[in-house]
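Fold and geometry: a report
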Amino acid sequence: MQTSFSLAQLADPNTAEAERVLRACVHCGFCTATCPTYVLLGDELDSPRGRIYLIKDMLEHDRPATADVVKHIDRCLSCLACMTTCPSGVHYMHLVDHARAHIERTYTRPLVDRLLRALLARVLPHNARFRRALAAARLARPFAAAFSAVGLEPVAAMLRLAPARLPQPFAGEGRRLFSPAGPRRGRVALLTGCVGPVLAPSITAAAIRLLTRHGIEVVVADAGCCGSLVHHMGREHEALSAARRQIDAWSAEIEGEGLDAILVTASGCGTTIKDYGFVLRSDRAYAEKAARVSRLAMDVSEYLGALELSPVRGLTGLVVAYHSACSLQHGQKITRVPKELLCKIGFVVKDVAEGHLCCGSAGTYNILQPELARRLRERKVANIQKLAPDVIAAGNIGCMTQIAAGTVIPVVHTVELIDWATGGPAPGALTGRGVADAVGETAAVAM
Ligand code: SF4
Ligand code: SF4
């Protein structure tokens, strides 16, 4: 695609990168077929190609964002399906990230939208605030329909997504070091993050049990949120501050006892951390350290794929519908490993039709764009239910929450199933629902 940025504009490294991305696009439109918003709305401006044109026009003319541009960019899930489809290697993620930051700087949103975004940015990245907010949301839940009736659909969506009861915090919360059982075979940092420990502490607990049981020392040294949530809202400064905090925390470990890897159980966070090296490339104090952290970052399934796992339970026959999170399949290009791990330890793994399409979670998307998110969830759940699985597995807490809100089939993290099969307890979502109890007898025989 031809572009006409001035030399002065190109002096800004982010604009220079945007130009590089734009020039790679050959307008072929292949990406439209796999874009969830184009599939739902059929509007070119809600396709990757349409958004690329809108962004090009806005950036080239150095214009403040208009309400129309904001509408179409806000509808983008940042699911990155377009990047998987694009034959020209267009790095849409870097382009849309830059566009969102430009929108945040140049556009004044309506008051309610501003307040809601500020609330999400101040609450979600902080464990304690998020826990209190969820407790309040549970009380306000009966009023969701009333909020919806007065046009406050995002507030209603937020209340509906709040779990009916909060799980107990993970027993090891606050502990820094988890020693391996037996001789140490490796040492990793595990990101606990922000919403995960509140919504599903069982994921961190399962990952730590599983890793230490296989001889891996685990250190929890992160500084809270990785910055992903605010990054996707265009709040560049907050996102970069969060990234620098994490890099400082992990660098102390890397330069201390050393780390073989930085493991992430939420693939949305993993995609962001793997990009720290890029977003901080012009920061002299952090560029090198950021690149090092990005090189060490791995999804937990990637790391487990290289370990010799020892299954002890006979879970043969349990049917798992594997939901491939967009940030895992499109953002990190991890598609086979999680399924292979599950198959190897005895689960029957089934692929979900239209697996390339997002479930509608996408960070805060299911709150800020509730209608589109609801339609995507319904489509995803319908495809999953056709498989009649015993359980749904995913590698991202956002997807788990989104899908669980639309089905009675239990939803667990992949790592919880692997932990269970290799000697850990049955995932809480499966106990008392007939699933874990049914295979419990097989397990007892196999042990
Ligand atoms: S990131 Fe997803 S929603 Fe956004 S343009 Fe690409 S495919 Fe469409
Ligand atoms: S598939 Fe790639 S090159 Fe083709 S229009 Fe989409 S982004 Fe551009």
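Attention here is on the structure that accompanies the text. Residue positions are given per chain, counted from 1 along the sequence in the order it is written. Written order decides the labels, with chains lettered from A and ligands numbered from 1. With pLDDT at 70 or above as the cut-off, local features in this predicted model cover only qualifying residues; side-chain atom pairs require 80 or more to be listed or tallied, and sums for whole chains, interfaces and linings still use all residues. Side-chain descriptors were evaluated using all non-hydrogen atoms of the structure, hydrogens and water having been removed beforehand.

With respect to the overall build of the protein chain
Scanning the protein chain for helices and strands turns up 26 helices and nine strands. Atoms counted for the radius of gyration: C-alpha only. Globule rule: 2.2 Å times the number of residues to the power 0.38. By the compact-globule yardstick of 22 Å for 447 residues, the protein chain fits well, its C-alpha radius of gyration being 22 Å. Relative to its 447 residues, the protein chain shows a buried fraction of 56%. In what follows, residue pairs with any heavy atoms lying within 4.5 Å of each other are defined as contacts. Sequence-distant contacts in the protein chain: of pairs separated by 6 or more residues, those separated by 24 or more amount to 73%. Areas reported here follow the Shrake-Rupley algorithm with a probe of radius 1.4 Å; residue values treat only the protein chains shown as occluding. A total of about 18,600 Å² of accessible surface is found on the protein chain, and carbon and sulfur atoms cover 56% of it. Two residue types count as positive, namely Lys and Arg, and two as negative, namely Asp and Glu; His and chain ends fall outside the count. Throughout, a charge is located at the NZ atom of Lys, the CZ atom of Arg, the CG atom of Asp or the CD atom of Glu. For the protein chain, the distance from the average site of its 50 positive side-chain charges to the average site of its 41 negative ones is 3 Å. Per the convention used, a helix needs a DSSP run of H or I reaching at least four residues, while a strand needs a run of E reaching at least two, with both numbered from the N terminus. Classification of residues uses two cut-offs on accessible area relative to the type maximum, computed with a 1.4 Å probe and protein chains only: under 20% is buried, over 50% is exposed, and between them is partly exposed.

So, the site of ligand 2
Neighbouring ligand 2 are 13 residues; Cys25, Cys28, Gly29, Cys31 and Cys86 lie closest to it. Ten residues, namely Ala, Val, Leu, Ile, Met, Phe, Trp, Tyr, Cys and Pro, are considered nonpolar, four, namely Asp, Glu, Lys and Arg, are considered charged, and the remaining ones, Gly among them, are considered polar. Classifying every residue of the shell around ligand 2 gives nine nonpolar, three polar and one charged. If even one non-hydrogen atom of a residue comes within 4 Å of a molecule or strand, that residue is called near it.

A word on helix H2 (residues 13–24)
Helix length check: H2 (twelve residues) gives 17 Å between terminal C-alpha atoms against 16 Å at 1.5 Å per residue, within 8%. Within H2 the residues assigned to the buried category are Thr15, Glu17, Ala18, Glu19, Val21 and Leu22. Looking at the packing, one finds that the buried side of H2 touches helix H1 (7–10), helix H4 (48–60), helix H7 (92–106) and helix H17 (276–279). A helix's residues, less one, multiplied by 1.5 Å, set its expected span.

Brief notes about the site of ligand 1
Lining the immediate surroundings of ligand 1 are Cys35, Pro36, Pro48, Arg51, Cys76, Leu77, Ser78, Cys79, Leu80, Ala81, Cys82 and Tyr92. Elements with a minimum of two residues in the shell around ligand 1: H4 and helix H6 (81–85). Partitioned by chemical class, the residues of the shell around ligand 1 number ten nonpolar, one polar and one charged.

Comments concerning the packing of helix H5 (residues 67–74) against H7
Geometry is summarised by axes, namely lines fitted to C-alpha atoms with helices restricted to the contacting stretch, and by angles between N-to-C directions that run from 0 to 180 degrees. Axis separation between H5 and H7 bottoms out at 11 Å; the angle between their running directions is 135 degrees. Comparing their axes, H7 and H5 come out oblique. Helix-helix and strand crossings are classified by hand; for H5 and H7 the assignment is left-handed. Of H7, the residues touching H5 (which contributes Val70, Ile73 and Asp74) are Val96, Arg100 and Ile103. When an angle is under 35 degrees it counts as roughly parallel; over 145 it counts as roughly antiparallel; between 65 and 115 it counts as roughly perpendicular; any other value is oblique. Less than a right angle of anticlockwise turn of the near helix away from the far helix marks a crossing as left-handed, whereas a clockwise turn marks it as right-handed.

Overview of the pattern of salt bridges
Definition used for salt bridges: Asp or Glu carboxyl oxygen within 4 Å of a side-chain nitrogen of Lys or Arg. Counted by the stated rule, this structure contains 33 salt bridges. With its nearest N and O atoms 2.6 Å apart, the salt bridge here joins Arg209 to Asp419. With a gap of 210 residues between them, Arg209 in helix H13 (residues 201–213) and Asp419 in helix H25 (residues 414–421) connect regions that are remote in the sequence. Given a relative accessible area of 31%, Arg209 falls into the partly exposed group. Given a relative accessible area of 0%, Asp419 falls into the buried group. In this structure, Glu354 engages Arg379 in a salt bridge whose closest nitrogen and oxygen atoms are separated by 2.8 Å. In this pair, Glu354 is assigned in the loop between strand S7 (348–351) and helix H22 (365–368) and Arg379 in helix H23 (residues 370–385), connecting sequence segments 25 residues apart.

Concerning the side chain of Gln246
Inspection of the secondary structure assignment puts Gln246 in helix H15 (residues 236–255). Residues in contact with Gln246, not counting those within four places in the same chain, are Leu191, Asp222, Ala223, Gly224, Cys225, Cys226 and Tyr276.

Here's the deal with the pairing of strand S4 (residues 261–264)
Judged by which residues are buried, S4 turns out to be covered on both faces: Ala261 and Leu263 on one side and Ile262 and Val264 on the other are all buried. Across four bridges, strand S2 (residues 186–191) lies against S4 in parallel orientation. Bridge pairing links Leu191 to Val264 in S4. Strand pairing is defined by DSSP finding a minimum of two bridges between the two strands. The sheet contact formed by S4 and strand S5 (residues 297–299) spans three bridges and is parallel. Of the residues in S5, the one forming a bridge with Ile262 is Ala297.

Thoughts on the environment of Ile418
Relative to the helices and strands, Ile418 is located in helix H25. Ile418 gets classed as buried once you look at its relative accessible area, which sits at 1%. In contact with Ile418, other than residues within four places in its own chain, are Leu210, Leu304, Leu309, Leu341, Leu342 and Ile345.

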